[in-house]
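The primary structure of each chain is shown beneath.
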Amino acid sequence: MDQPLLFFDCVSMCYHDDSGETEVLSDFTLRVDSGEFLALLGPSGCGKSTVLSLAAGLLKPDSGRVTLRGQEIRRPPLHMGYMLQRDHLFPWLTVRENALLGIRVRQKEPSARQKRHVEDLLAACGLTEFADALPGQLSGGMRQRAALVRTLAVEPDFLLLDEPFSALDAQTRIQLSDEVKQQLSGGAAATILVTHDVSEAISMADRVVVLTRRPARIRSEHRIDLPGSPMERRRSAQFKDYFDRIWKELDVHVQ
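Everything numeric in this text was worked out from a predicted model, so none of it was measured.

## Thoughts on the side chain of threonine 67
Looking at the secondary structure, you find threonine 67 in strand E4 (residues 63–68). Those residues in contact with threonine 67 that sit more than four places away from it in its chain are Leu5, Leu6, Phe7, Glu72 and Ile73.

## Observations concerning helix H3 (residues 112–124)
Taking 1.5 Å per residue as the helical rise, H3 with its 13 residues ought to reach 18 Å, and the 18 Å between its terminal C-alpha atoms agrees with that figure. Taken together, the buried positions of H3 are occupied by Gln114, Val118, Leu121 and Leu122. Down the axis of H3, the smallest arc covering the buried residues is 100°, so these residues share one side. Along H3, the residues that are exposed and aim more than 90 degrees away from the buried face are Arg116 and Asp120. Those residues of H3 that are buried are in contact with helix H2 (95–107), helix H4 (140–153) and helix H5 (170–184). Directly after H3, the chain includes glycine 126, whose backbone phi takes a positive value near 70°.

## Looking at the pairing of strand E10 (residues 218–223)
Two elements, strand E9 (residues 207–211) and E10, share 5 bridges in a ladder whose sense is antiparallel. Counted as the bridge partner of arginine 207 is arginine 223 from E10. Between E9 and the antiparallel strand that follows it, E10, lie 6 residues.

## What about unusual backbone geometry?
Cis geometry is adopted by the peptide bond preceding proline 215, which originates at arginine 214 and carries an omega value of -5°. Positive phi outside glycine occurs at histidine 88, with the angle close to 55°. Mapped onto the fold, histidine 88 is located in the loop between strand E6 (80–83) and H2.

## What to know about the packing of H2 against H4
The packing of two helices is summarised by the inter-axis angle and the distance between the axes. Look at H2 against H4: their axes get within 7 Å of each other, and the N-to-C directions meet at 30°. Considering their axes alone, H2 and H4 lie roughly parallel with respect to each other. Here H2 and H4 pass one another in a crossing that is right-handed. Listed contacts from H4 to Val95, Asn98, Ala99 and Ile103 of H2 are Ala146, Val149, Arg150 and Ala153.

Thresholds, definitions, all that
Residues numbered from 1 in each chain as written. Predicted model: local features only at pLDDT ≥ 70, side-chain atom pairs only at ≥ 80, totals over all residues. Heavy atoms only, no water. Helix = DSSP H or I, 4+ residues; strand = E, 2+ residues; numbered from the N terminus. Contact = heavy atoms within 4.5 Å. Expected span 1.5 Å × (residues − 1). Buried < 20%, exposed > 50% of the residue type's maximum accessible area, 1.4 Å probe, protein only. Arc of directions from axis to C-beta. Pairing = 2+ DSSP bridges. Axes fitted to C-alpha atoms, helices over the stretch in contact; angles between N-to-C directions. Parallel < 35°, antiparallel > 145°, perpendicular 65-115°, else oblique. Left-handed = near helix turned anticlockwise from the far one by under 90°.

Fair warning: the whole summary comes from geometry, so function is off the table for now.
In structure tokens:
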């Protein structure tokens, strides 16, 4: 088997505070291959976001290793995209300036090619006419689109999505999931999505991993063999079968 892009090798992780020690991950092993879209599901507080923080180099495991292309992650990887629940746009910068910010942090001044890439992303996300607007002038869905453009502008090797649509209404959420999937079709080498929404996981991912309660381990894995966009997947006859199977895993666990 080929070397995985991202690999969690027997990872354990604890948090320490005044109340004592909380074990979040225990002997956690997971591989993510190049080009794969992986969704993580599990009970609230089980450690899904901790998995992302470890992949992003923001946390170091107590034991085990997290590797990117076989090399241990010791700091945030240069070509990583991380999209959070809130857009975290800078309110005094325009949409275009926010989109270019990640590139400027890395190399001070974007190249002509990178500027064209950002303009293409703005167009694809329906933001061209709002490129010179401030975030306060945008709707919630448009702000999340702007955050997506900023995330993809750095042309990441892998992308981490931490419930990026959770604050949006259902219609906007589905529309944005379609746009994200379309943008990623030729972009990031691998993507990990953390979500509590079973339908969202099935509609977007190649593989859905269900985690146990804290300390998290892998309860089950489900390969999603559905063609088309997230909306087209939701309309397929097999969608309910996947939903029932995965929901049962979650339901059994929370009893």
